[in-house]
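# Remarks on the overall topology
What follows is each chain in one-letter form.
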Amino acid sequence: QVSSGKVQQFPDFKSAYVATRNIDVWLPNDYDATKKYAVVYMHDGQMLFDATTTWNKQEWQVDEVAGTLQAEKKTQPFIVVGIASLHLIRHSDLFPQKPFETLPKKTQDSLYTLERNKSQALFGAKINSDNYLKFIVTELKPFIDKTFSTKTDSSHTFIMGSSMGGLISMYAICEYPDVFGGAACISTHWPGTFAAENNPIPGAFFEYLKANLPNPKNHKIYFDYGDQTLDALYPPLQQKVDVIMTAKGFTAKNWLTQFFPGKDHSEKAWAERLPIPFEFLLKP
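Values in this document were obtained by computation on a predicted structure and should not be read as measured data.

Quick look at the overall build of the protein chain now. The secondary structure content of the protein chain amounts to 10 helices and 10 strands. Compactness check: the protein chain gives a C-alpha radius of gyration of 18 Å against a globular reference of 19 Å for 284 residues, within 12% of the reference. Principal axes of the C-alpha set define a box for the protein chain whose edges measure 55 × 40 × 35 Å. Within the protein chain, the proportion of its 284 residues that are buried is 55%. Residue pairs in contact within the protein chain that sit at least 24 positions apart in sequence constitute 75% of those at least 6 positions apart. Put simply, the protein chain has 29 plus and 30 minus side-chain charges, and the middle of one group is 4 Å from the middle of the other.

Its 19 residues place the ends of helix 5 (residues 129-147) 25 Å apart at the C-alpha level, agreeing with the 27 Å of an ideal helix rising 1.5 Å per residue. The axis of helix 5 is deflected most strongly, by about 40°, at Leu-140, and proline Pro-142 appears within four residues downstream. Those residues of helix 5 not exposed but buried are Ser-129, Tyr-132, Leu-133, Phe-135, Ile-136, Val-137, Leu-140, Lys-141 and Ile-144.

What follows deals with the sheet that holds strand 1 (residues 6-13). A sheet is described by the order of its strands in space; here eight strands give the open sequence 1-2-4-3-7-8-9-10, paired in mixed fashion. The sheet is open, and its two edges are formed by strand 1 and strand 10 (255-259), each paired on a single side. This sheet shows a mean twist of 15° between the axes of neighbouring strands, independent of strand direction. Sheet topology places strand 8 (residues 182-186) next to strand 9 (residues 220-225); five bridges connect them, and they run parallel. Paired with Ala-184 across the two strands is Tyr-222, which belongs to strand 9. Those strands touched by helix 8 (residues 235-247) are strand 9 and strand 10, and its axis lies near 160° from that of strand 9.

Quick look at the pattern of salt bridges now. Inspection of every chain in the model, using the stated rule, returns 10 salt bridges. For Glu-72, the salt bridge goes to Lys-74, with nearest N and O atoms at 3.2 Å. We classify Glu-72 as partly exposed; its relative accessible area is 45%. A salt bridge links Lys-210 to Glu-207; its shortest N-O distance comes to 2.9 Å. Residue Lys-210 and its partner Glu-207 are both found in helix 7 (residues 201-212); the two are separated by three residues, about one turn of the helix. Residue classification places Lys-210 among the partly exposed positions, given a relative accessible area of 40%.

Next up on the list: the nonpolar core. In this structure, Tyr-41 and Trp-190 are the most contacted members of the largest nonpolar core, which totals 57 residues. With eight residues, helix 6 (residues 164-175) is the single largest residue contributor to this core. Beyond its immediate sequence surroundings of up to four residues, Trp-190 is in contact with Leu-167, Met-170, Ile-201, Pro-202, Phe-205, Phe-206, Leu-209, Phe-223, Tyr-234, Leu-237, Gln-238 and Val-241. Ranked by size, the runner-up nonpolar core spans 26 residues in total, among them Val-40, Met-42, Val-62 and Ala-66.

Quick notes on the rules
- Residues numbered from 1 in each chain as written.
- Predicted model: local features only at pLDDT ≥ 70, side-chain atom pairs only at ≥ 80, totals over all residues.
- Heavy atoms only, no water.
- Helix = DSSP H or I, 4+ residues; strand = E, 2+ residues; numbered from the N terminus.
- Rg over C-alpha atoms; globule rule 2.2 N^0.38 Å.
- Buried < 20%, exposed > 50% of the residue type's maximum accessible area, 1.4 Å probe, protein only.
- Contact = heavy atoms within 4.5 Å.
- Lys, Arg positive; Asp, Glu negative; His and termini not counted.
- Charge placed at Lys NZ, Arg CZ, Asp CG, Glu CD.
- Expected span 1.5 Å × (residues − 1).
- Bend = angle between axes of the 7 residues up to and from the residue.
- Pairing = 2+ DSSP bridges.
- Axes fitted to C-alpha atoms, helices over the stretch in contact; angles between N-to-C directions.
- Salt bridge = Lys/Arg side-chain N within 4 Å of Asp/Glu carboxyl O.
- Core = buried A, V, L, I, M, F, W, Y, C linked by side-chain atoms within 4.5 Å.

Next up, the structure:
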């Protein structure tokens, strides 16, 4: 159920690269097939629209926020493609693969033994994020561009997510700079696991960014973070990323990092600030 616009559902969307999952496409109230729309691809699609259907009874309020911004002409017209994540293999789908593969084999093996809780491994399968991005770029995007009235170029194609979804959005714009013109990485999970001490993962991400950040001339990147619950791990790590962004030529024109003191790691917190990345990426 949405309170603004409408959602078209494509259940059990088949892929040669990743496990079958649901796709939800949100269209604004005044969607008109004779006009062309920018597209925002968002991870964890099952959490975006309707709190009555989510595991924690929270939602991103994407329909309300995107609908209001477009009605007020604060953004260009856009649609949102929600890509559902699969709980048991979410970490495997969304953990950036190339930085992981730079870690020593022994470190990789030890990470695969980590548990999320007593009954669930942190990684439910081998890391599969290169295939997850291939699915978005070579299967999902062509389907969306054929089915809806979209602007297909990179300057109107964006990717967004939180936590692990922030990591994979960062990875997507680095791996496919010709496809994505902007990324919003919200409460980005730089630790990769749940440990802050003696953790080699953030360093691997930082080295990857230094080598692979896209051209600032035609790409926009948004980061943010709080400092409560899981977000408490993020401030020192995001500050290191910000140094890299500056060194790679990003400026206030094409990059924004926002700190939200007192905010935690939840859909409620992300919904509150969602207008900021939407407006930053989709300026009219």
